[in-house]
Amino acid sequence: VMKNHLDSCFAGESVSYEERFGIGASERIMHVSFYPHEESGRITHALVFSTDTTQIRVLETRLKELQFKDPITGLLNRRSLGVILQNEIEKAKRSKTERLRAVMLISLGNFSHINQSYGHHIGDIILENSGLRIKETLRKADLVFRFEGKELAVILTNIARVTDVAKVAEKIVANVGTPYHHDLGDILINASIGVALYPTDGTDVDELIQNASSAMTETRKRSIRYLLFNPELHK
C-alpha cells in the first residue's frame, strides 16, 4: 500500500488518507499525507506528514450520537424519529406486500408526583427503564424513541394486520405499568398510547406524528390506555 502511495506521489499526485493501526484500546487513527517535492523541474522527494486523529474521530462520533440520541435515556431522539420514519415511508411505498406502518406516541403518567416525591434522578431512571420495558415488547425491526419530556415514541414496521398493533399496545401498557419497588413505597407508572397508521392516517412524517399525538391526547381525556387515530373523532 505504501509503495502505491509513493508511486502516485512521484507521478505528481498528492495523496491523503486515514488508516487504523493497532487493535482494541491501543488502536490509533492516523491521517497521512504524501506531497511531491520538485527540484529543477523534476520530482525528487516525497514529503510525508502523519497526524494522530484518534481523539478527533472519537469526539466526532460522540457528537453524532448527541445529534441522534437522547442523553438521559440513551434512546434515539425526536430527530432520529423523523429520519427513520421517512425511510420507512419510502420503503412502504416501494413494497407491494409490506406497506403498513404504525407510529405510537406514548405518554407516561404520574411523573410530576415521582419527581416531587422521589427526586428527578429517580424519575430519569424510571424514564430510561420504561424505554427498556417497551423495547422488550417489540421485534428487532421496531424502534423506540424519546420524543420529548415524558413522551416516548415507537415505529412498528412490517405489520400484517391492524389488530397486531393493538396487541403491541396492550403489551406496552402492561409492561410499563408493572410497579417499581422503593423503600418509600411502590412507584406506579401508566402509559397512554396514541396510534397513527401509514398510509390510512397519514402519508408523511408530520401528519403521522400529529395524528398519533391527537389520538394520545384523546386517550387521556377518555381515561383509556390506547387509541387508534379516528379522523371523525379528530374533526
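On a predicted model such as this, the values are computed, not experimentally measured, just so you know.

Comments concerning the overall build of the protein chain
Item 1. Helix and strand counts for the protein chain stand at eight helices and eight strands.
Item 2. Rg of the C-alpha trace for the protein chain: 26 Å, well past the compact-globule value of 18 Å for 235 residues, more than 25% over.
Item 3. Dimensions of the protein chain, computed from the C-alpha atoms along their principal axes, are close to 85 × 50 × 25 Å.
Item 4. When each of the 235 residues of the protein chain is scored for burial, the buried share is 39%.
Item 5. Here the contacts in the protein chain between residues at least 6 apart in sequence split such that 56% fall between residues at least 24 apart.
Item 6. Of the accessible surface of the protein chain, which amounts to about 13,800 Å², a share of 52% is contributed by carbon and sulfur atoms.
Item 7. Looking at the protein chain, you have 30 positive and 30 negative side-chain charges, and the mean spots of the two groups are 5 Å apart.

Remarks on the packing of helix 4 (residues 111–118) against helix 5 (residues 120–137)
Item 1. Interaxial distance between helix 4 and helix 5 falls to 7 Å at its minimum, and their mutual angle equals 135°. Judged on the interaxial angle alone, helix 5 and helix 4 are oblique. For the pair helix 4 and helix 5, contact is made by Phe111, Ile114, Asn115 and Tyr118 and by His120, His121, Ile122, Gly123, Ile126 and Leu127, respectively.
Item 2. Considering only residue class, the contact of helix 4 with helix 5 consists of six nonpolar, four polar and no charged.

A short note on unusual backbone geometry
Item 1. Omega for the peptide link from Tyr198 to Pro199 comes to 10°, which places this bond in the cis form.
Item 2. Mapped onto the elements of the fold, Pro199 is located in the loop between strand 7 (190–198) and helix 7 (205–222).
Item 3. Phi at Ser40 takes a positive value of approximately 55°, unusual for a residue other than glycine.
Item 4. If you trace the backbone, Ser40 turns up in the loop between strand 2 (28–39) and strand 3 (42–52).
Item 5. One non-glycine residue, Ser223, lies in the positive phi region at around 55°.
Item 6. By the secondary structure assignment, Ser223 is in the loop between helix 7 and strand 8 (226–228).
Item 7. Residue class for Ser223 comes out exposed when judged on its relative accessible area of 65%.

Some details on the pattern of salt bridges
Item 1. Evaluated as defined, the whole model comprises 10 salt bridges.
Item 2. In this structure, Asp7 and Lys3 form a salt bridge, with 2.9 Å as the shortest nitrogen-oxygen distance. Here Asp7 and its partner Lys3 are both found in helix 1 (residues 2–10), four residues apart, which amounts to about one turn of the helix.
Item 3. Take Asp7: its relative accessible area is 39%, and that puts it in the partly exposed class.
Item 4. In this structure Lys3 comes out as exposed when scored by relative accessible area, which is 56%.
Item 5. The closest approach of N and O atoms between Lys91 and Glu88, which form a salt bridge, is 3.4 Å. Highlighted residues: Lys91 and Glu88, both in helix 3 (residues 78–94), separated by three residues, approximately one helical turn.
Item 6. Look at Glu88 and you get buried, because its relative accessible area is 9%.
Item 7. The network of salt bridges with common partners includes Glu88, Lys91 and Arg101.

What to know about the environment of Glu90
Item 1. Considering the arrangement of structural elements, one finds Glu90 in helix 3.
Item 2. In this structure Glu90 comes out as partly exposed when scored by relative accessible area, which is 30%.
Item 3. Between the alpha carbons of Glu90 and Asp204 there is a distance of 9.7 Å; along the sequence they are 114 residues apart.

A short note on the environment of His45
Item 1. Mapped onto the elements, His45 comes out in strand 3.
Item 2. Residue His45 is classed as partly exposed on the basis of its relative accessible area of 40%.
Item 3. For His45 and Leu228, which are 183 residues apart along the polypeptide, the C-alpha to C-alpha distance reads 71 Å.
Item 4. The contact partners of His45, leaving out residues within four places of it in the chain, are Phe10, Tyr35, Pro36, His37 and Glu39.
Item 5. Side-chain polar atoms of His45 contact the side chain of Thr44, separated by 2.7 Å.

Cut-offs and rules
- Residues numbered from 1 in each chain as written.
- Predicted model: local features only at pLDDT ≥ 70, side-chain atom pairs only at ≥ 80, totals over all residues.
- Heavy atoms only, no water.
- Helix = DSSP H or I, 4+ residues; strand = E, 2+ residues; numbered from the N terminus.
- Rg over C-alpha atoms; globule rule 2.2 N^0.38 Å.
- Buried < 20%, exposed > 50% of the residue type's maximum accessible area, 1.4 Å probe, protein only.
- Contact = heavy atoms within 4.5 Å.
- Areas by Shrake-Rupley, 256 points an atom, 1.4 Å probe, with all protein chains shown as cover.
- Lys, Arg positive; Asp, Glu negative; His and termini not counted.
- Charge placed at Lys NZ, Arg CZ, Asp CG, Glu CD.
- Axes fitted to C-alpha atoms, helices over the stretch in contact; angles between N-to-C directions.
- Parallel < 35°, antiparallel > 145°, perpendicular 65-115°, else oblique.
- Nonpolar A, V, L, I, M, F, W, Y, C, P; charged D, E, K, R; others polar.
- Salt bridge = Lys/Arg side-chain N within 4 Å of Asp/Glu carboxyl O.
- Polar contact = N/O pair within 3.5 Å; in protein donor to acceptor, adjacent residues only side chain to side chain.

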